[in-house]
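Inside the fold
Chain residues, written in single-letter form:
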Amino acid sequence: MMIFLASPAIPLIFIEQYYGSNVHFQQAKKGEALFQQGKFKQALMVLEKCMFSISTDNPLFVPVKAYMSISWQKIGQYQKSFQEISSAFEKIDHMDHFNKAMVLNVLGGIKLLNRDKQSSEKLWKKALHLSEKIKNKFLMASVLNNIANGHALSKRNTLALSEYKSALAQLENMQSTLKCVILINMIRLELKNSDPGFTNLLAEKVHACIKKMPNAYDKAIYLMSLNALLQKMPLISVNDTLISMQRMHSIINQALSIGKQLNNNAIISSALGESAQLFEKQKNYPEALQLTRKAVFFAGKNYPETLYQLQWQLGRIFESMEKTKEAISLYQQSIDTMESFQHAFFMGYHNSDTIYKQKVKPVYYGYVSLLLKSYDDSGTLPTVTLKTAIKTIEQLKQAEIKNHFKDECINYYDKPSVIPDRMPEKTALFYPFSLSDRLILLTIMPQGITYKSVPVSQKKLEKWIQSLKKRFDLRTYSKLRFNKYAKDLYDWFIFPVEKDLEQQDINTIFIAAEGILQTIPFSALLDKKTNKYLMEKYAIAILPSISFINKTQQSVRSNLQKRALICGLTQARQGFATLKGIETQLKDIQRIIGGTMLINDKFTTLNLIKEFQYSTPDIIHIITHGNVGNTPDDIYLLTYNGRLSLNNLAAIIHSGIFREKPLDLLTLGACQTAIGDERFALGLAGIAFKTGAQNVIATLRPVEKNATNNLMKQFYKNCASMNFSNKAIALQKAQINLYHSEKYAHPVFWSPFILLGNG
């Protein structure tokens, strides 16, 4: 289940060999023995008792802390894991090189779990330097394996492979669990290469290495990890299929035997589940069903991380057996189980984006697909079914945000999202999502909910979206190359619902897309019949969550009393280039809407804090360098004397919570924010949620500065003329104005601008 295996805790026998024995080793080894049996809670009790009699200068202090930290991880308590090793880190100045290296190594692993790659690399670099100083080969191998994991997760595969090989070289004459870990990591890395002979050779080495291990928890885990890798490995010849399947069954049975020997229900459940999965692939559904049910029994409620996958597996099996009712029920149970422990699940993996796409998203989408397939495709599905489908995708979107930000406290507001039966006059809520074999369009309009199914595969749709996005290059744009894909996407997304939109006199569309669909510049989709872009027909707003249309409007200050804070950095600072022409834009905006301006040396975090102490801005307009994509830790805006993180920005804005109203509009014109991928879309959604802004204006892709200046001035003029009552229409009119100019008619100039929020 894991992606890249972290280095295991250093066995106490190595500590004893290095320092010599003392009276506390016997107690510590009891805890280690329980750990090796997978009895982590019992191990923690013994190790905690051991800590009472160990002083900070005892050689066992750090090793025991390391075992405790990893034990907390194993039972899903990642914050306690961090606290445990942090308490050891606080004493690091009083440690020798060996103990310092151990602390830094484990702490680096926890930082990587939180996707703080920079911090983990710094910690491991120090740990490697210390372990090299004392020439401890096992410790060096342990650190090198973790360093390689960091490289692999950053897709520096050549560096990663080199470090794995260096780690193995340190263990050349040793028999250790760590050797198995490194070999498994190497196989996972090499799976992407085209040499099945090499990966098969590595697999043989891993299996031989695992066989030499005593029957313990780790041995069972490595056997199941090997089995998972074997399922992904390319076969050298067609005749290998049967041999490979027999081999995998044999490996899983070995893991199952260990689980029974240790009386460990977690191992038994996982092994039975994986064995059932092999039968599922062989289409032996009765055997797969029987084994999965046994696995569910052993998982019980104690192992929800395993249970939800088994429920999903049962759902798939029933689906294959054409027992739709039973399948739908199991998919729903799987989602309910997952919702109960999701945050800990995401925190527990080194590469949670991959896990999310492989083991989370398919459950939600599988459920919706089955739910909709259980009726006909005529558009006459019961409203309750359509609302359930929307609610499920909404749950998925919230899970995605929490996964991305590793934050249970992302603000989804006090009340659960209510799926409306119908929208107000002239507005439509558009809920598109892509299944493997079709595109689903759920649209809530003034007269109710409609359902359309478009026969375009997910694979083809994603290819077209990527092709359209590639045409967003200011250096090489051309209408001919752009419009081909814009027309096809219009046919798939808009044409099926267009008659309903026209009949109900819709002028504003709220789009609640998910996944890669969030990166589509919807305003630039082109109707081949009328040769009109979508933004010429409709004002468009993007909804990160349906909760945005449920936000209370109580205590909102009169539209005539909007207060603005206009901020910008035009000077070259901290290695970033000058932003030319920006000062003029900021002054033009101030002339239109008034407000306070913080520019260049006035644009500091301290001055922002002061502004919110003495006033309550409704509108914040910021133009500076920054980053919205990549990871949550990388989200920042450049100020004159530092970088303003998302958390700090949110804290400053929320200091005005007592003003009894949310921020009405946050406009971000940051030169390096726009990368146009799913991470960027999630970053924008996170900004909206964490700051509590009702609306956020940003760009999906890099934009031309003069076009931006013109559009922004027109947008604020439109807002002011409408008393800020409809920002979606204000943006639409600004885009149309730019489109009608000869110089900026191409969508590359106006379609990257998006409005997130309730308009």
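The rules we used
Residues numbered from 1 in each chain as written. Predicted model: local features only at pLDDT ≥ 70, side-chain atom pairs only at ≥ 80, totals over all residues. Heavy atoms only, no water. Helix = DSSP H or I, 4+ residues; strand = E, 2+ residues; numbered from the N terminus. Buried < 20%, exposed > 50% of the residue type's maximum accessible area, 1.4 Å probe, protein only. Contact = heavy atoms within 4.5 Å. Areas by Shrake-Rupley, 256 points an atom, 1.4 Å probe, with all protein chains shown as cover. Phe/Tyr/Trp six-rings, centres within 6.5 Å; stacked < 30°, edge-to-face > 60°. Lys NZ or Arg CZ within 6 Å of the ring centre and 35° of its normal. Pairing = 2+ DSSP bridges. Axes fitted to C-alpha atoms, helices over the stretch in contact; angles between N-to-C directions. Expected span 1.5 Å × (residues − 1). Arc of directions from axis to C-beta. Salt bridge = Lys/Arg side-chain N within 4 Å of Asp/Glu carboxyl O. Parallel < 35°, antiparallel > 145°, perpendicular 65-115°, else oblique. Left-handed = near helix turned anticlockwise from the far one by under 90°. Nonpolar A, V, L, I, M, F, W, Y, C, P; charged D, E, K, R; others polar. Patch = residues over 30% accessible without salt bridge, like charges linked within 9 Å, V, L, I, M, F, W, Y side chains within 5 Å. Lys, Arg positive; Asp, Glu negative; His and termini not counted. Charge placed at Lys NZ, Arg CZ, Asp CG, Glu CD. pLDDT = per-residue confidence, 0-100. Right-handed = clockwise from strand over helix to strand, strands pointing away. Polar contact = N/O pair within 3.5 Å; in protein donor to acceptor, adjacent residues only side chain to side chain.

1. Quick look at the overall build of the protein chain
- Check the secondary structure of the protein chain and you find 31 helices and 16 strands.
- Looking at the protein chain residue by residue over its 759 residues, the buried ones come to 59%.
- At a minimum sequence separation of 6, the contacts of the protein chain that also span at least 24 residues come to 70%.
- When the accessible area of the protein chain is evaluated, it comes to approximately 32200 Å², of which 50% is carbon and sulfur surface.

2. Concerning the packing of aromatic side chains
- According to the stated counting rule, one finds 17 aromatic pairs in the structure shown.
- Measuring from ring centre to ring centre gives 5.2 Å for tyrosine 533 and tryptophan 750, while their planes differ by 75°; the resulting arrangement is edge-to-face. On the criterion of sequence distance, the pair formed by tyrosine 533 in strand β6 (residues 532-533) and tryptophan 750 in helix α31 (residues 747-750) is long-range, its members being 217 residues apart.
- Relative accessible area serves as the criterion here: at 0%, tryptophan 750 is assigned to the buried category.
- On the basis of an interplanar angle of 65° and a centroid distance of 5.1 Å, the ring pair of phenylalanine 715 and tyrosine 716 is categorised as edge-to-face. Both residues of the pair, phenylalanine 715 and tyrosine 716, count as buried.
- Grouped by ring-pair contacts, the aromatic residues Phe35, Phe40, Tyr67 and Tyr217 constitute a single cluster.
- Above the ring of tyrosine 640, the side-chain terminus of arginine 573 is found at 3.8 Å from the ring centroid.

3. A word on the sheet that holds strand β12 (residues 636-639)
- Spatially, β11-β12-β13 is the arrangement adopted by the 3 strands of the open sheet, whose pairing is antiparallel. Each having just a single partner strand, β11 (626-627) and β13 (642-645) make up the two edges of the open sheet.
- Alignment of β12 against β13, held across 4 bridges, turns out to be antiparallel. Opposite threonine 639, over in β13, you have glycine 642 as the bridge partner.
- Here helix α27 (residues 646-654) sits on the sheet in contact with β12 and β13, set at roughly 70° to β13.

4. Notes on helix α11 (residues 196-211)
- Helix length check: α11, at 16 residues, gives a terminal C-alpha distance of 23 Å against a target of 22 Å (1.5 Å per residue), a fit within 8%.
- Within the span of α11, buried status applies to Thr199, Leu202, Ala203, Val206, His207, Cys209 and Ile210. Seen end-on, α11 carries its buried residues on one side only, within an arc spanning 160°.

5. Concerning the pattern of salt bridges
- This model, assessed by the stated rule, comprises 17 salt bridges.
- Among the salt bridges present, the one from arginine 316 reaches glutamate 280, with a minimum N-O distance of 2.9 Å. Here arginine 316, found in helix α16 (residues 304-320), pairs with glutamate 280, found in helix α14 (residues 265-281); they are 36 residues apart in sequence, far enough to count as distant.
- Owing to a relative accessible area of 18%, arginine 316 belongs among the buried residues under this scheme.
- Lysine 537 is the partner of aspartate 527 in a salt bridge, and the nearest nitrogen-oxygen pair spans 2.6 Å. Of this pair, aspartate 527 sits in strand β5 (residues 526-527) while lysine 537 is found in helix α24 (residues 534-537), placing the two residues 10 residues apart along the sequence.
- What makes aspartate 527 buried here is its relative accessible area of 6%.
- Accessibility expressed as a relative area gives 23% for lysine 537, which makes it partly exposed.
- If you follow the salt bridges from partner to partner, you end up with Lys373, Asp437 and Arg438 in one network.

6. Structural notes on the packing of helix α3 (residues 40-52) against helix α4 (residues 61-74)
- Between α3 and α4, the shortest axis-to-axis distance is 10 Å and the interhelical angle comes to 155°. Looking at the two axes, α3 sits roughly antiparallel to α4. Where α3 crosses over α4, the handedness of that crossing is left-handed. For the pair α3 and α4, contact is made by Phe40, Leu44, Leu47, Glu48 and Met51 and by Phe61, Val64, Lys65, Tyr67, Met68, Ser71, Trp72 and Lys74, respectively.
- Split by residue class, the contact of α3 with α4 holds 9 nonpolar, 1 polar and 3 charged.

7. Structural notes on a positive patch on the surface
- Side chains of Lys459, Lys460, Lys463 and Lys484 sit close together on the surface and give a patch of like positive charge.
- With respect to the element layout, lysine 463 can be found in helix α21 (residues 458-470).

8. Description of the confidence of the model for the protein chain
- When pLDDT is averaged across the protein chain, the result is 85; 88% of the residues are at 70 or more.
- Across the protein chain, the element-wise mean pLDDT spans from 54 in helix α18 (residues 342-347) up to 97 in helix α15 (residues 285-299).
- With pLDDT under 50 throughout, residues 411-415 is counted as low confidence; its partners more than four residues away or in other chains account for 13 contacts.
- Note that pLDDT drops below 50 for residues 552-559; the model gives that stretch 15 contacts with residues more than four away or on any other chain.

9. Quick notes on the pairing of strand β2 (residues 439-445)
- Of all 7 residues in β2, 7 are buried; the element is thus mostly enclosed.
- Here β2 shows no split at all, with Leu439, Leu441, Thr443 and Met445 on one side and Ile440, Leu442 and Ile444 on the other all buried.
- Here strand β1 (residues 427-434) runs beside β2; their pairing, made up of 6 bridges, is antiparallel. Counted as the bridge partner of phenylalanine 430 is threonine 443 from β2.
- Hairpin geometry of β1 and β2 is characterised by an intervening segment of 4 residues between the two adjacent antiparallel strands.
- When β2 meets strand β3 (residues 448-454), the two strands line up antiparallel, connected through 7 bridges. By the bridge assignment for β3, threonine 443 is matched with threonine 450.

10. What about the pairing of strand β9 (residues 596-599)?
- Of the pairings in the sheet, the one linking strand β8 (residues 564-568) to β9 comprises 4 bridges and is parallel in character. By the bridge assignment for β9, glycine 568 is matched with isoleucine 599.
- Once the chain exits β8 it traverses helix α25 (residues 582-593) before rejoining the sheet at β9, and the crossover so formed is right-handed.

11. So, the packing of helix α5 (residues 78-89) against helix α6 (residues 97-113)
- Following both chains from N to C, one finds α5 and α6 inclined at 150°, their axes separated by 10 Å at the closest point. When the axes of α5 and α6 are compared, the pair comes out roughly antiparallel. Crossing of α5 over α6 shows left-handed handedness. Across from Tyr78, Ser81, Phe82, Ile85, Ser86, Ala88 and Phe89 in α5, the residues of α6 making contact are Val103, Leu104, Val106, Leu107, Ile110, Lys111 and Leu113.
- Of the residues contributing to the contact of α5 with α6, the split by class is 11 nonpolar, 2 polar and 1 charged.

12. Comments concerning the side chain of glutamate 611
- Summarising the element assignment, glutamate 611 is placed in helix α26 (residues 605-614).
- At 9.2 Å, lysine 610 is the nearest oppositely charged side chain to glutamate 611, a buried residue that forms no salt bridge.
- Once you skip the residues sitting within four places of it in the chain, glutamate 611 turns out to touch Leu565, Thr596 and Leu598.

13. A closer look at the side chain of threonine 708
- Counting through the fold element by element, threonine 708 comes out in helix α29 (residues 705-721).
- In this structure threonine 708 comes out as buried when scored by relative accessible area, which is 13%.
- A distance of 2.9 Å separates the side chain of threonine 708 from the backbone oxygen of glutamate 704, its partner in a polar contact.
- Other than its neighbours up to four places away in sequence, threonine 708 contacts Gln585, Val703 and Phe753.

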